[in-house]
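Notes for the structure review
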Amino acid sequence: MHDNQLTFAWRSPSNIAIVKYWGKHGDQLPDNPSLSITLSQAYTETTLVARPLNPNEAPGLTFRFAGEQNPAFAQRVAAYIRRLGSLAPAVKDYHLTIETDNSFPHSSGIASSASAMSALALCIAELQATIDGHTHDERFQREVSIMARLGSGSACRSVYGPASLWGSTEIMSGSSDEYAIPLSNIHPVFQSLRDSILIISEEKKQVSSSAGHALMQGHQFARARIAQATQNLKTLLPALHSGDIITFGRIAESEALSLHALMMTSDPAYILIQPNTLQVIQRAIAFRESSGTPVYFTLDAGPNVHLLYPESHEADVKAWINNELLPFCENGRVIHDHAGRGPQKVSSSTTLGMTKR
Ligand code: DP6
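Residues numbered from 1 in each chain as written. Predicted model: local features only at pLDDT ≥ 70, side-chain atom pairs only at ≥ 80, totals over all residues. Heavy atoms only, no water.

Right, let's talk about the domain arrangement of the protein for a bit. Per the domain assignment, the segments of the protein are domain 1 (6–185 + 342–355) and domain 2 (188–338). Distance between the C-alpha centres of domain 1 and domain 2: 24 Å. In this complex, domain 1 contributes 35 residues to the contact, which on the side of domain 2 involves 45 residues. Carbon and sulfur atoms supply 69% of the area buried between domain 1 and domain 2, which totals about 3,300 Å² over both sides. On the domain 1 side of the interface with domain 2, the three residues burying the most area are Ile-18, Lys-20 and Trp-22, jointly 25% of the side's total. (Domains from an automatic or database assignment. Contact = heavy atoms within 4.5 Å. Buried area = accessible area lost by both parts, 1.4 Å probe.)

Structure follows, in structure tokens:
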């Protein structure tokens, strides 16, 4: 072990957007403001070891995912680090060893970019902050959010829990296209919100989110979409403060359907939902109507269904999922998650069984 070696390790969660980010321009800037609930059980843990370079040694990167070398991921990470440029000048003085792993199965069809890129951004930002001599404060979190955004737009929102907003909008002072901001005074019902993620398909989706965002440039409904997202945000914010789960659920569902309608009306058009996605959605609506249980669906850019509901209904909803919905899930797979408080610093020997050092 090198004497001046620095080690940083972070666990960072995924998030589920209620108002969806869809469409981007410039340097990963969003076309519309978005808002998400930060999750807790679906997370990435990343450890960064920075070893000072020996004389004449060029900066380098060793990368392992789930304990294995992964050249495709390694290339993406190297390109990302280059892209950070002046945000993280310290990296060029080190050989970086990055080890990363997810809490959720790799093939679960769960989008991992938000947790992966926020965990990586936390490690790199902490390296830079250590060199610059400034400790963990608001400025640190903002820098992390900016760096995470450059890796994956939605990742910038994972820096804060239980809810955060990204994208400049006149209805929220301090909002920015460059970073997310935390939302305060979130009603307890949302601070402990449940999100059961029904894995409809474990396959890699045919059209990536990045390609989907690109199709919003020149999309026939682009302007209407920006207006809709802003209006939904305006309605959602007071509901988040007052605990109005009905308004929250109505917006979550409308945003999910709008997102997929935008895909279906892109040029070229494409469809990511599957027959079982609709089966689950229709059963969720029927269950809500017949039982009065406040359970609402949302979707990200794929076929999997997120069912959102208050903690107080956890037992009923889980029983209903087990009785009625498992046949629609690939290999009966469901991930039960809940709102969380955001990233956590961890020791470099981790619960995910990464190499102890
Ligand atoms: C539908 O953040 O994955 O989940 O910025 O290209 O990495 P890139 O896209 P990504 O897009 C997420 C889209 C979404 C909605 C959301 O999370 O707001």
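In a packed pair of helices, the relevant descriptors are the angle between the two axes and the axis-to-axis distance. At a minimum axis distance of 8 Å, the contact between helix 2 (residues 113–132) and helix 3 (residues 138–151) shows a crossing angle of 130 degrees. The orientation of helix 2 relative to helix 3 falls into the category oblique. The handedness of the crossing between helix 2 and helix 3 is right-handed. Seen from helix 2, the contacting residues are Met-117, Ser-118, Ala-121, Leu-122, Ile-124, Ala-125, Glu-126 and Ala-129; seen from helix 3, they are Phe-140, Val-144, Met-147, Ala-148 and Gly-151. Looking at the contact of helix 2 with helix 3 residue by residue, the classes come out as 10 nonpolar, 2 polar and 1 charged. (Axes fitted to C-alpha atoms, helices over the stretch in contact; angles between N-to-C directions. Helix = DSSP H or I, 4+ residues; strand = E, 2+ residues; numbered from the N terminus. Parallel < 35°, antiparallel > 145°, perpendicular 65-115°, else oblique. Left-handed = near helix turned anticlockwise from the far one by under 90°. Nonpolar A, V, L, I, M, F, W, Y, C, P; charged D, E, K, R; others polar.)

This part is about the pairing of strand 7 (residues 94–102). Successive residues of a regular strand alternate their side chains across the two faces of the sheet. Counting buried residues in strand 7 gives 9 out of 9 residues, a clear majority hidden from the surface. By the alternation rule, side chains of strand 7 split into Tyr-94, Leu-96, Ile-98, Thr-100 and Asn-102 and His-95, Thr-97, Glu-99 and Asp-101, which are all buried. Bridge analysis of strand 4 (residues 34–52) against strand 7 gives 9 bridges, and the strand direction is antiparallel. Within the sheet, the bridge partner assigned to Leu-48 lies in strand 7 and is Ile-98. For strand 5 (residues 60–65) and strand 7, the ladder comprises 6 bridges, and the chain directions are parallel. Looking at strand 7, one finds that Gly-60 is bridged to His-95. (Buried < 20%, exposed > 50% of the residue type's maximum accessible area, 1.4 Å probe, protein only. Pairing = 2+ DSSP bridges.)

This part is about the packing of aromatic side chains. Following the criterion strictly, the structure yields 5 aromatic pairs and no others. Cation over ring: Arg-11 sits above Tyr-43, and NZ or CZ is 4.2 Å from the ring centre. (Phe/Tyr/Trp six-rings, centres within 6.5 Å; stacked < 30°, edge-to-face > 60°. Lys NZ or Arg CZ within 6 Å of the ring centre and 35° of its normal.)

Quick look at the pattern of salt bridges now. Applying the stated criterion to the full structure yields 13 salt bridges. Between Glu-314 and Arg-194 there is a salt bridge, and its shortest N-O distance comes to 3.4 Å. Taken together, the residues Glu-314 in helix 9 (residues 314–325) and Arg-194 in strand 10 (residues 194–198) connect sequence positions 120 residues apart. Across the pair Glu-253 and Arg-288 runs a salt bridge whose closest N-O atoms are separated by 2.7 Å. Residue Glu-253 is located in helix 7 (residues 245–264), and its partner Arg-288 is located in helix 8 (residues 275–291); the two are separated by 35 residues in the primary sequence. What makes Glu-253 buried here is its relative accessible area of 10%. Judged by its relative accessible area of 17%, Arg-288 is buried. Where salt bridges share partners, they join Arg-194, Glu-311, Glu-314 and Lys-318 into one cluster. (Salt bridge = Lys/Arg side-chain N within 4 Å of Asp/Glu carboxyl O.)

Within polar-contact distance, the side chain of Glu-253 engages the backbone nitrogen of Phe-297 at 3.0 Å. Those residues within four positions of Glu-253 in sequence are excluded, and the remaining contacts are Arg-288, Val-295, Tyr-296 and Phe-297. (Polar contact = N/O pair within 3.5 Å; in protein donor to acceptor, adjacent residues only side chain to side chain.)

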